[in-house]
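# Secondary and tertiary structure notes
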Amino acid sequence: ITAGGKPAKGIKVILCSSPRMSFRGNPCDGQSPKKATTKADGTWRIDAVPLGSYGLAYFRGGWTITDSDAVMAISPSNPVDMGGITYE
């Protein structure tokens with residue numbers, strides 16, 4: 001995750017099957033989301049994610065939900081690169 005062209009450290013990232021557009025605490029309330037926080041270089045990692053369809057949300061002063069789900073086949077020998085998220 002980058003902001004203004006620089007890595008964004010300390011951004012909360014959550015992954016769950018059905019992020020909601022209407023929520024109180026976070027878009028994955030009532031589910032068992034996988035969580036991570038970006039490191040100094042803007043990267044994050046979530047381990048042990050089963051095969052399935054997921055939505056991604058991140059917190060930067062408010063929650064932002066990705067607009068597409070991804071179907072992922074994940075194993076230690078087959079990590080998935082979610083790509084980059086950039087905001088200004």
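Preceding block: the structure.
Residues numbered from 1 in each chain as written. Predicted model: local features only at pLDDT ≥ 70, side-chain atom pairs only at ≥ 80, totals over all residues. Heavy atoms only, no water.

## Here's the deal with the state of the cysteines
Two cysteines form a disulfide when their sulfur atoms are joined by a covalent bond. Enumeration according to the criterion identifies one disulfide in this entry. Two residues, Cys16 and Cys28, share a disulfide whose sulfurs are 2.0 Å apart. With the S-S bond torsion at -80 degrees, the cross-link from Cys16 to Cys28 turns out left-handed. Here Cys16, found in strand β3 (residues 12-16), pairs with Cys28, found in the loop between β3 and β4 (34-37); they are 12 residues apart in sequence, far enough to count as distant. A single burial state applies to Cys16 and to Cys28, both of which are buried. (Disulfide = S-S within 2.5 Å. Helix = DSSP H or I, 4+ residues; strand = E, 2+ residues; numbered from the N terminus. Buried < 20%, exposed > 50% of the residue type's maximum accessible area, 1.4 Å probe, protein only.)

## Quick word on the side chain of Asn26
Within the secondary structure layout, Asn26 lies in the loop between β3 and β4. Side-chain polar atoms of Asn26 contact the backbone nitrogen of Cys28, separated by 2.7 Å. (Polar contact = N/O pair within 3.5 Å; in protein donor to acceptor, adjacent residues only side chain to side chain.)

## Observations regarding the packing of aromatic side chains
Throughout the structure, instances matching the rule amount to one aromatic pair. Relative to Trp63, the ring of Phe59 has its centre 5.2 Å away and its plane inclined at 65 degrees; by these criteria the two rings are edge-to-face. The ring of Phe59 is capped by Lys12, whose NZ or CZ atom sits 5.6 Å from the centre of that ring. (Phe/Tyr/Trp six-rings, centres within 6.5 Å; stacked < 30°, edge-to-face > 60°. Lys NZ or Arg CZ within 6 Å of the ring centre and 35° of its normal.)

## Let's talk about the pattern of salt bridges
In total, this model carries one salt bridge according to the counting rule given. Asp47 is the salt-bridge partner of Arg45, the closest N and O atoms lying 2.7 Å from each other. (Salt bridge = Lys/Arg side-chain N within 4 Å of Asp/Glu carboxyl O.)

## Digging into the environment of Gln31
Positionally, Gln31 belongs in the loop between β3 and β4. Classification of Gln31 by relative accessible area gives partly exposed; the value is 21%. Between the C-alpha atom of Gln31 and that of Cys16, which follows or precedes it by 15 residues, the distance is 7.1 Å. For Gln31, the side chain forms a polar contact with the side chain of Ser17, separated by 3.2 Å.

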